[in-house]
Amino acid sequence: MAKVIEGLYYSESHEFVRVEGDFGYVGITDYAQHALGNVVYVDMPEVDDEVTAGEEFGAVESVKAASDLISPVSGTVVEVNEALEDEPELINQDAFENWIIKVELSDKAELENLMDAAAYEAMCK
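Residues numbered from 1 in each chain as written. Predicted model: local features only at pLDDT ≥ 70, side-chain atom pairs only at ≥ 80, totals over all residues. Heavy atoms only, no water.

Remarks on the overall build of the protein chain
Scanning the protein chain from N- to C-terminus turns up 4 helices and 9 strands. Its C-alpha radius of gyration of 13 Å places the protein chain within 12% of the 14 Å reference for a compact globule of 125 residues. Judged by the C-alpha coordinates and their principal axes, the protein chain covers about 35 × 35 × 20 Å. Looking at the protein chain as a whole, 47% of its 125 residues are labelled buried. Restricting to contacts in the protein chain with at least 6 residues of sequence separation, those with at least 24 account for 65%. Carbon together with sulfur atoms contributes 42% to the accessible area of the protein chain, which is approximately 6,500 Å² in total. (Helix = DSSP H or I, 4+ residues; strand = E, 2+ residues; numbered from the N terminus. Rg over C-alpha atoms; globule rule 2.2 N^0.38 Å. Buried < 20%, exposed > 50% of the residue type's maximum accessible area, 1.4 Å probe, protein only. Contact = heavy atoms within 4.5 Å. Areas by Shrake-Rupley, 256 points an atom, 1.4 Å probe, with all protein chains shown as cover.)

Quick look at the structure:
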């Protein structure tokens, strides 16, 4: 069973958000990295780019497949995880630790549209 962490928000497209104050760290879930296999490239937006909930903001490519990244929240990208440019496989080592983008959230109410850990776990079964 893939790891699911309490206290995070989850989307149906297997992204997670870890909220800290007005910021959200967005990445893919452990379930998603297992499904993808060995990650070889992460396509990320630029700092200051706007992301919109439900819309694509990048992609993760593995040996097997490429998968679009769908933002679970709206806001402005304030940081990208530059370590992933050289070591995309960090996502396979710990998907939750190796977030992809940090977003300044423009509408925290959007979080209500996402799943909690229990709901996400049930969806993945």
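Following the structure, the description resumes.
Some remarks on the sheet that holds strand S4 (residues 39–43)
With antiparallel pairing, the 3 strands of this open sheet are ordered in space as S4-S6-S7. Looking along the sheet, the strands with just one partner apiece sit at the ends: S4 and strand S7 (66–70). The sheet shows a mean angle of 20° between the axes of neighbouring strands, taken without regard to direction. Pairing of strand S6 (residues 56–62) with S7 involves 5 bridges; the strand directions are antiparallel. Paired with Ala59 across the strands is Asp68, a residue of S7. (Pairing = 2+ DSSP bridges. Axes fitted to C-alpha atoms, helices over the stretch in contact; angles between N-to-C directions.)

What to know about the side chain of Asn92
Its location among the elements puts Asn92 in helix H3 (residues 90–93). Only 2.7 Å separates the side chain of Asn92 from the backbone nitrogen of Val39, close enough to count as a polar contact. Sequence-distant contacts of Asn92, defined by excluding residues within four places in its chain, comprise Gln33, Gly37, Asn38 and Val39. (Polar contact = N/O pair within 3.5 Å; in protein donor to acceptor, adjacent residues only side chain to side chain.)

Digging into the nonpolar core
The biggest cluster of nonpolar side chains holds 25 residues, and the ones touching the most others in it are Ile28, Val42, Val60, Val73, Ile91, Ile100 and Ile101. Among the elements of the structure, strand S3 (23–28), helix H1 (30–36), S4, S6, strand S8 (75–80), H3 and strand S9 (101–105) are those that each provide at least two residues to this core. Setting aside anything within four residues of it in sequence, one finds Ile91 in contact with Ile28, Gln33, Val39, Val42, Leu84, Asn98 and Ile100. Core analysis: the next-biggest nonpolar cluster, separate from the first, contains 10 residues, Tyr10, Phe16, Tyr25 and Trp99 among them. (Core = buried A, V, L, I, M, F, W, Y, C linked by side-chain atoms within 4.5 Å.)

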